[in-house]
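Inside the fold
Next come the chains, spelled out residue by residue.
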Amino acid sequence: MPRPDAGATFDAIGTRWQIDTPEPLPADVLAAVRDRVDRFDRDWSRFRADSWVTQVARSGAGTYDLPEDAAPLLDAYDVAAACTDGAVDPLVGRALEGLGYDAAYTLRPRRDADGDLLTTPAPPWRTVAHRAGRTLTLDEPALIDVGAAGKGYLVDLVSGVLAAHGVTEHVVDAGGDLRSTTRAPLGVALEDPRDPARAVGVLRLADAALCGSATNRRAWGEGLHHVVDARTGAPTSDVLATWALGGTALAADLAATALFFAEPDLVASRFGIRYVVLRGDGTIRWSLDLDGEVFA
């Protein structure tokens, strides 16, 4: 059984990581984990001047060799774009920049002369991006942002590094995005975004992943947060928080964002997840087969 005092903690990609294992992690295993995290960041971070994503944005329309780990990530975005009718789109980077969530963290959104928010719709992933094997062709310039799924996918990749080094039983927690390979259930409280001291439920996690998304996380002003409808470039407002429980953190993370925009049962069927959705009016909807309790 993993022990919180036996693993490791570190900061990377803007969040705190905690890895719980039955025994202390050897230095070479932790080094391999840190290397995997850094390689992912060098490819996919739009906040790094030297990343693959930034280089593609600078170069404009054209054909690019994809990072070696791109296929599962972009396959998942294909599913998300389809089931949300384009609301979830990995080309949403410029829209986020326009809202102030840019590489310099200015947190100052563009506004018109009357002070109204100026938004930038994302290029539609399903029509301007084309994949063939290990290449991506963009018909127009775009800034890729995989924030809706990247952290969850990286949790899976880190879990894979641990397993490859013989650490088969572990819990990886990246800022609340969890993957557990333990059979003994792990109780996880679902934080109420309206009052972080309260929970809206408790789920039991065993050999599975749990990810959530909320409008009070990465928020920098009234109505300004990271959950953006790519079709309009504007932050969404109908849902406060979502949680998705699935077989991989990639599926759970991206599904948690898709739940802001699509019918929950549709998202559940496409991603193979179970869900909890807290709406802006305070109502809660959840999968009937959840292992846990929701405080309706």
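Structure report, in brief.

Conventions we followed
- Residues numbered from 1 in each chain as written.
- Predicted model: local features only at pLDDT ≥ 70, side-chain atom pairs only at ≥ 80, totals over all residues.
- Heavy atoms only, no water.
- Pairing = 2+ DSSP bridges.
- Helix = DSSP H or I, 4+ residues; strand = E, 2+ residues; numbered from the N terminus.
- Axes fitted to C-alpha atoms, helices over the stretch in contact; angles between N-to-C directions.
- Phe/Tyr/Trp six-rings, centres within 6.5 Å; stacked < 30°, edge-to-face > 60°.
- Buried < 20%, exposed > 50% of the residue type's maximum accessible area, 1.4 Å probe, protein only.
- Lys NZ or Arg CZ within 6 Å of the ring centre and 35° of its normal.
- Contact = heavy atoms within 4.5 Å.

Read across the open sheet, the three strands follow the order E8-E9-E18; overall the sheet is antiparallel. The sheet is open, and its two edges are formed by strand E8 (186-192) and strand E18 (292-294), each paired on a single side. Across the sheet, the axes of successive neighbouring strands diverge by a mean angle of 35°, strand direction being ignored. One ladder, built from three bridges, connects strand E9 (residues 195-205) with E18; its direction is antiparallel. For Leu203, the partnering residue across the bridge sits in E18 and is Gly292.

Our next topic: the packing of aromatic side chains. In the structure shown here, the tally under the stated rule is eight aromatic pairs. When the centroid spacing of 5.8 Å and the interplanar angle of 5° are considered together, the rings of Phe10 and Trp17 count as stacked. For Phe10, a relative accessible area of 6% gives the class buried. Judged by relative accessible area, which is 0%, Trp17 ranks as buried. An aromatic cluster of three or more residues is present, and its members are Phe40, Trp44, Trp52 and Tyr153. One Lys or Arg, Arg46, reaches over the ring of Tyr101 and ends 5.0 Å from the middle of that ring.

All right, on to the environment of Thr257 then. Note that Thr257 resides in helix H7 (residues 249-258). Among the residues examined, Thr257 registers a relative accessible area of 11% and is labelled buried. For the pair Thr257 and Gly176, spaced 81 residues apart in sequence, the C-alpha to C-alpha distance is 14 Å. Ignoring anything within four residues of it in the chain, the contact list for Thr257 reads Val88, Ala148, Ser213 and Thr242.

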